[in-house]
Amino acid sequence: MRPATAEAPANIALIKYWGARDLDSALPANPSISMTLSSCLSRCTCEPLDGAEDRVEFRGADGRLAPADEAFAARVRRHLDRLRARTGAGVRCRIRTENTFPAGAGMASSASGFCALALAFGAAVEGRPTPPRELSIRARLSGSGSATRSALGGYVEWPGDEGDADCPARALFDAEHWDLRDVVAVVQTEPKSVSSLDGHRRAATSPYFERRLAELPARLDAVREALAARDFAALAPTVEEEAIDLHLIALSSRPPVFYWKPSTLAVLERVRRLRDEGVDAAATMDAGANVHVLCTAASEEAVAAALVRVEGVSRVLRDRVGAGPRLVEDEVA
Ligand code: PMV
């Protein structure tokens, strides 16, 4: 066994995972579809140790690699315990992890972080890359459902149904199929008030949750078809409707979960106007206030230029569809 380093990307959901049938195992209540990103990455080095305890280090906002805070270290240890159980490898590890996207930019790093950890662990203890299907299953063992989708590149579907007990995600289209961009309007940099774990837990208390589940098959079809046909005009309204539906479920949960900031609405309004002006742009939000604006390559400049001018937007990050996780040589040091 020897140290291994992996890079894995974040992803942005077009159809969201929101609510679980088994939260501890991150088995979702509904299928989801995402676009894997390219430059919002986590990098993780897994170094097998002789000792009796895992060590977890994280590169913080100050740029220094330091022991991770207890909450994060406990999540990593729990994931490692599950990876050890699945692979039969009992070894303890030193984990060093960092994100390429700026700390405090309001980008969720659990999907990329846990997927990178699963890939680095497999390479370190088994001496080979983990195939995508198995990597997807191992990433989900972290408890972060969206990590399941970060195991594959391009456009990804996580069926999430009971047909396959292991519940892996699968590729819909590779990154070359359609060069979509993601321009993120950052309006919130501090951590969100309610974790996605709590949001999932509360989702089924919304009186609209069953209605959402009933509407999703048609919405999933619409997104699959729009992606297949590279039809932005068909994709945009469905993606926005879906993002708003997640937040409607959150707002109507008991107790309610309120993620938006006033500038979230300002960005949504600006995106609507951009579309009226003929610019390809579609807004989506995860469990937070920041707005991911999907757009075509031809529209990216116009979208980015418009978003930086919206009041309350502290910065704009630009990314695009990407090829998925990989092993790399450079260790996190
Ligand atoms: O990955 P989790 O278990 O933290 O859930 C995240 C869910 C959303 O980001 C809000 C939606 C999604 O499908 O990514």
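Further up the page is the structure itself.
Calculation criteria
Per-chain numbering applies: the sequence of each chain, read as written, is numbered from 1 onward. Residue-level local features of this predicted model are given only where pLDDT is at least 70; pairs of side-chain atoms are given and counted only at 80 or more, and the full residue set underlies all totals for whole chains, interfaces and linings. Excluded from the side-chain calculations are hydrogens and water; all other atoms, namely the structure's heavy atoms, are used. Side-chain rings of Phe, Tyr and Trp (the six-membered ring for Trp) are treated as a pair once their centres are within 6.5 Å; stacked means planes under 30 degrees apart, edge-to-face means over 60, and tilted covers the remaining angles. Labels follow the DSSP assignment, with helices taken as runs of H or I lasting at least four residues and strands as runs of E lasting at least two, numbered in each case from the N terminus. For every residue, the accessible area (1.4 Å probe, protein chains only) is compared with the maximum for its type, and the residue is labelled buried under 20%, exposed over 50%, or partly exposed between those bounds. Put simply, a disulfide is two cysteine sulfurs that come within 2.5 Å. Expected helix span is given by 1.5 Å per residue-to-residue step, counting one fewer step than there are residues. A 3.5 Å cut-off defines polar contacts: any pair of N or O atoms within that distance qualifies, except that in protein one atom must be a possible hydrogen donor and the other a possible acceptor, and neighbouring residues in sequence count only when both atoms are side-chain atoms. As used in this record, nonpolar core signifies buried Ala, Val, Leu, Ile, Met, Phe, Trp, Tyr and Cys residues forming a set joined through side-chain atoms within 4.5 Å. When checking whether two residues touch, look at their non-hydrogen atoms; a contact exists if any pair is within 4.5 Å.

For the structure on display, the rule yields four aromatic pairs. Aromatic pair Tyr17 and Trp158: ring centres 5.2 Å apart, planes at 80 degrees, arrangement edge-to-face. One end of the pair, Tyr17, is in the loop between strand S1 (4–15) and strand S2 (20–22); the other, Trp158, is in strand S8 (residues 155–158), with 141 residues separating them in the sequence. Residue class for Tyr17 comes out buried when judged on its relative accessible area of 8%. When its relative accessible area of 0% is taken as the criterion, Trp158 is described as buried.

Where two cysteines share a covalent bond between their sulfur atoms, that bond is called a disulfide. Evaluation of the coordinates by the stated rule reveals zero disulfides. Here Cys40 is not cross-linked by a disulfide; its sulfur's nearest cysteine counterpart is in Cys295, at 14 Å. What makes Cys40 buried here is its relative accessible area of 7%. Free cysteine: Cys93, not disulfide-bonded; nearest cysteine sulfur from Cys46 at 3.6 Å. Assessed through its relative accessible area of 0%, Cys93 is described here as buried.

Helix length check: helix H6 (residues 232–251) (20 residues) gives 28 Å between terminal C-alpha atoms against 28 Å at 1.5 Å per residue, within 8%. Where H6 begins, one side-chain oxygen reaches toward the backbone nitrogen of Ala233, 3.3 Å away; that side chain belongs to Asp231.

On to the nonpolar core. The nonpolar side chains of a soluble globular protein tend to be buried with one another. Counting residues in hydrophobic clusters, the biggest one holds 40 residues, and the most contacted among them are Cys46, Val76, Leu80, Cys93, Ile95, Leu117 and Phe121. Elements with a minimum of two residues in this core: S1, strand S4 (32–49), helix H1 (70–87), strand S7 (92–99), helix H2 (110–126), helix H3 (132–140) and S8. At 12 residues, the largest contribution of residues to this core is made by H2. Beyond its immediate chain neighbours, meaning those up to four positions away, Leu80 contacts Asp54, Cys93, Ile95, Leu117 and Phe121.

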